[in-house]
Amino acid sequence: MTQEHANKGGFETRAIHAGYEPDPTTGAVNPPIYASSTYKQDGVGGLRGGYEYSRSANPTRTALEGALAAVESGERGFAFASGLAAEDTLLRSLTRPGDHLVIPDDAYGGTFRLVDKVAKPWGVEHTPAPISDLDKVAAAIEPGRTRLVWVETPTNPLLNIGDIEALATIAHDAGALLVVDNTFASPYLQQPLTLGADVVVHSTTKYVGGHSDVVGGALVVRDLELADRIGFHQNAMGAVAGPFDAYLTHRGLKTLAVRMDRHCDNAERIVDFLCAHPAVGDVIYPGLETHPGHHVAGKQMKRFGGMISFRVRAGEQKALDVCAATEVFTLGESLGGVESLIEHPGRMTHASVAGTELEVPGDLIRLSVGIETVEDLIDDLDRALG
Ligand code: PLP
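Residues numbered from 1 in each chain as written. Predicted model: local features only at pLDDT ≥ 70, side-chain atom pairs only at ≥ 80, totals over all residues. Heavy atoms only, no water.

1. So, unusual backbone geometry
In this chain, T153 is followed by P154 through a cis amide linkage whose omega measures -5°. Position of P154 relative to the elements: it lies in the loop between β4 (146–152) and α7 (164–173). With an omega of 10°, the peptide bond running from N156 to P157 counts as cis. Positionally, P157 belongs in the loop between β4 and α7. One non-glycine residue, S212, lies in the positive phi region at around 50°. Relative to the helices and strands, S212 is located in the loop between β6 (199–203) and β7 (217–221). Residue S212 is classed as partly exposed on the basis of its relative accessible area of 44%. (Helix = DSSP H or I, 4+ residues; strand = E, 2+ residues; numbered from the N terminus. Buried < 20%, exposed > 50% of the residue type's maximum accessible area, 1.4 Å probe, protein only.)

So this is what it looks like as structure tokens:
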């Protein structure tokens, strides 16, 4: 299929065909893993196939980057060694000492650590704000100094929802750009660039890769001037995805739509089970009508995703015991893979925000619902909750 044709297709067609046409020499339908750091040139200054050195560009990574741009309805995609490498490159590309950011008050712990312990000492300050409260986000902006309004939606791990269209207007009115970390939703459920966001961030380690076998990150933009700045820094800083990782991530992306639908089906069944369980307190899932962001999530997401957080009535020790007792749910960090994971954010993914305003409740458990047989998942939780 030609790229013009692929890019006009529906989501699944783009995920499978964008970024790569079968190799004209061999007919290979999948992008080969170009394990080559350098490329033979036709002469001094003459590029043979457009490639010279694999930090600058590598054909396996180019294929993934084209596919990422297509599934996010963007113009250019950039693949990195990890989500945090993508975030770091973005911060260096778009901010300078003296600038200011607005970040979610329940940002992913690693993002907070990057902003607080790396960007701040470099001179870029930040103000945390609840991304579901538009007035508070607007109030956190420092006119003339805020360069980026950075949001996750849904957030990790509290699954708060930010209204992307409204946040884009707030950011743009203040002369700032809106960055959306789309890791939790994945491009199948939500495409922030179509709602006015300027940059999409991914930890492709999660739903995009989808099999817990590769760490990676991505940035996608529509604006070509922004793309040039990011492209310059991607090469200058060098935190790129290697060809093996790019291949695995691209392979995962092709099945994102079918996996995501099953993640959502299973999550909906588990939410029903948890809501009826006497040991469980609040169940946090944007698909619940009682969730404060339900309406906005319904407007901007195709479905409500595979992540669930819930609080255990008996407190922190019981939450730790439940996390240790499941057998089908694996106790582990990360999310978005085919296998179900359970974790205690306060002691695991969000330990780095303990003692700050971003600290999460000790009785909170986070589930990344996989695509196993849903009855097995429910039985497992039932047993662990006791
Ligand atoms: N953004 C979110 C929402 C995440 O959950 C994570 C990792 O868990 C990251 C960014 C960082 O990505 P990585 O672990 O690939 O560096």
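2. Focus on the environment of T127
By secondary structure assignment, the location of T127 is in strand β3 (residues 125–129). Of the residues examined, T127 reaches a relative accessible area of 24% and is grouped as partly exposed.

3. Considerations on empty space enclosed by the protein
Enumeration over the complete set of coordinates arrives at 3 cavities of 30 Å³ or more. Counted as a void, the largest cavity has a volume near 50 Å³. The wall of the largest cavity is formed by D88, L91, R92, T95, L114, V118, A119, W122 and V124. At the level of secondary structure, the elements contributing two or more residues to the lining of the largest cavity comprise α4 (83–94) and α5 (109–122). Tallying contributions element by element places α5 first for the lining of the largest cavity, with 4 residues. Each residue belonging to the lining of the largest cavity can be placed in one class, and the counts come to 6 nonpolar, 1 polar and 2 charged. (1 Å grid on protein atoms, 1.4 Å probe; cavity = no way out; pocket = protein on both sides within 12 Å on 5 of 7 lines; lining within 4 Å. Points joined across faces, edges and corners; volume = space filled by probe spheres on them. Nonpolar A, V, L, I, M, F, W, Y, C, P; charged D, E, K, R; others polar.)

4. Observations concerning the domain arrangement of the chain
Taken as a whole, the chain is organised into domain 1 (3–254) and domain 2 (257–385). Measuring from the centre of the C-alpha atoms in domain 1 to the corresponding centre in domain 2 gives 26 Å. The partner domain 2 presents 43 residues to the 40 residues of domain 1 that form the contact. Of the roughly 3200 Å² buried between domain 1 and domain 2 on both sides combined, carbon and sulfur atoms contribute 64%. If you sort the residues of domain 1 by the area they bury against domain 2, Y188, L189 and Y207 come out on top, with a joint share of 24%. Joining domain 1 to domain 2, the criterion identifies 1 salt bridge. As a salt-bridge pair, D163 and K299 come within 2.9 Å of each other at their nearest N and O atoms. On inspection of domain 1 and its partner domain 2, the count reaches 14 residue pairs in polar contact (both at pLDDT 80 or more). If you list the elements that add at least two residues to the side of domain 1 that touches domain 2, you get α2 (11–17), α5, α7, α8 (186–189) and α10 (243–253). Its residues assigned to classes, the side of domain 1 that touches domain 2 shows 20 nonpolar, 13 polar and 7 charged. (Domains from an automatic or database assignment. Contact = heavy atoms within 4.5 Å. Buried area = accessible area lost by both parts, 1.4 Å probe. Salt bridge = Lys/Arg side-chain N within 4 Å of Asp/Glu carboxyl O. Polar contact = N/O pair within 3.5 Å; in protein donor to acceptor, adjacent residues only side chain to side chain.)

5. Comments concerning the layout of surface pockets
Gaps between atoms show up when a probe of the same size as a water molecule is rolled over them. The space that makes up the largest pocket amounts to roughly 350 Å³. As for the largest pocket, its lining consists of 21 residues, and the residues nearest its centre are Y108, N156, T183, S203 and K206. Only α4 and β6 provide two or more residues apiece to the lining of the largest pocket. Considering each element in turn, the lining of the largest pocket owes the most residues, 3 residues, to α4.

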